[in-house]
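Chain by chain, the residues run as shown.
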Amino acid sequence: MRFVSLLIMAKYLLFILVVSSSCLALKYQGQKIWLFSKTQYMGNAPVDKDGKAVRGYTETLSCFMEISKNKPSPAWQTAWYKGVKYSVNILQVNQDSVIIGRTKNAKTTFVIKPGSETKLIQLELTEQGNFKAPKANGFVLEGILNNKQVYQTSDEPAVELAPVLMQ
């Protein structure tokens, strides 16, 4: 009799464990994330006495993600990078490769080309301000897939592109 009650209790605990784990946020496994930062100066770039740029510019962050052609992808809603929160707008990329621009220090052109079973999407990031970020380092994406909250993280720093002088 005692064995039967232990067996029933074990089944009950297993059921609770399965149900509770299905409610947890999942980590989504995209193929690859690329982050790019670009500084845009208005007119002449102001500098201090040491020659370092002072605020008088905007810094933009852009993101490209390689995803499977055959599997559903989350509806990305929010991103965090260096303590700044961004809203996310997903843009489809229709080209077979994307020329991102020139890197700042290497002066080489950065090009992204997805694999044969994958495609690219661009995540347009709009700054929302400073907020408390999730407990993760680097870049964090938050979205919804199959009515469940999913996260994608990247510890890679953003590739700094050559600055742009706006007229």
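Here's what I pulled together on the structure shown here. (Residues numbered from 1 in each chain as written. Predicted model: local features only at pLDDT ≥ 70, side-chain atom pairs only at ≥ 80, totals over all residues. Heavy atoms only, no water.)

Brief notes about the environment of I90
Thinking step 1. Following the sequence through the fold, I90 ends up in strand 5 (residues 84–92).
Thinking step 2. The spacing of I90 and C63 is 27 residues in sequence and 9.9 Å in space, taken between C-alpha atoms.
Thinking step 3. Apart from residues lying up to four places away in sequence, I90 is in contact with P74, A75, W76, I121, Q122 and L123. (Helix = DSSP H or I, 4+ residues; strand = E, 2+ residues; numbered from the N terminus. Contact = heavy atoms within 4.5 Å.)

As for the layout of surface pockets
Thinking step 1. The space that makes up the largest pocket amounts to roughly 390 Å³.
Thinking step 2. Along the walls of the largest pocket sit 15 residues, with E59, T60, L61, Y86 and E127 positioned nearest its centre.
Thinking step 3. The set of elements that each furnish at least two residues to the lining of the largest pocket consists of strand 3 (57–68), strand 5 and strand 8 (118–130).
Thinking step 4. With 4 residues, the top contributor of residues to the lining of the largest pocket is strand 3.
Thinking step 5. Partitioned by chemical class, the residues of the lining of the largest pocket number 7 nonpolar, 3 polar and 5 charged.
Thinking step 6. Computed from the structure, the second largest pocket encloses a volume of approximately 210 Å³.
Thinking step 7. Together, 15 residues line the second largest pocket, and K38, T60, L61, S62 and Q122 are the ones closest to its centre.
Thinking step 8. Listed by contribution, the elements that provide at least two residues to the lining of the second largest pocket are strand 2 (32–42), strand 3, strand 6 (98–102) and strand 8. (1 Å grid on protein atoms, 1.4 Å probe; cavity = no way out; pocket = protein on both sides within 12 Å on 5 of 7 lines; lining within 4 Å. Points joined across faces, edges and corners; volume = space filled by probe spheres on them. Nonpolar A, V, L, I, M, F, W, Y, C, P; charged D, E, K, R; others polar.)

Section: the pattern of salt bridges
Thinking step 1. Using the criterion set out here, one finds 2 salt bridges in the structure.
Thinking step 2. Here K113 ties to D96 by a salt bridge, and the two come within 3.6 Å at their closest N and O atoms. Linking K113 in the loop between strand 7 (109–112) and strand 8 with D96 in the loop between strand 5 and strand 6, this pair joins segments that are 17 residues apart in sequence.
Thinking step 3. What makes K113 exposed here is its relative accessible area of 55%.
Thinking step 4. Looking at D96, the relative accessible area reads 53%, which means it is exposed.
Thinking step 5. Its salt-bridge partner being K104, residue E160 comes within 3.2 Å of it at the nearest N-O pair. Placement of the pair is E160 in strand 11 (residues 159–160) and K104 in the loop between strand 6 and strand 7, with a sequence separation of 56 residues.
Thinking step 6. Since its relative accessible area comes to 36%, E160 is described here as partly exposed.
Thinking step 7. Take K104: its relative accessible area is 33%, and that puts it in the partly exposed class. (Salt bridge = Lys/Arg side-chain N within 4 Å of Asp/Glu carboxyl O. Buried < 20%, exposed > 50% of the residue type's maximum accessible area, 1.4 Å probe, protein only.)

Concerning the environment of S68
Thinking step 1. As for its placement among the helices and strands, S68 is situated in strand 3.
Thinking step 2. As a C-alpha pair, S68 and E117 span 49 residues in sequence and 6.2 Å in three-dimensional space.
Thinking step 3. Dropping the residues within four chain positions of it, S68 is found in contact with Q31, E117, T118 and K119.
Thinking step 4. Looking at S68, its side chain comes within polar contact range of the main-chain nitrogen of N70, at 3.1 Å.
Thinking step 5. Engagement of the side chain of S68 in a polar contact is seen with the backbone nitrogen of K71, the distance being 3.4 Å. (Polar contact = N/O pair within 3.5 Å; in protein donor to acceptor, adjacent residues only side chain to side chain.)

Keep in mind that these numbers describe shape and distance, not what the molecule does.
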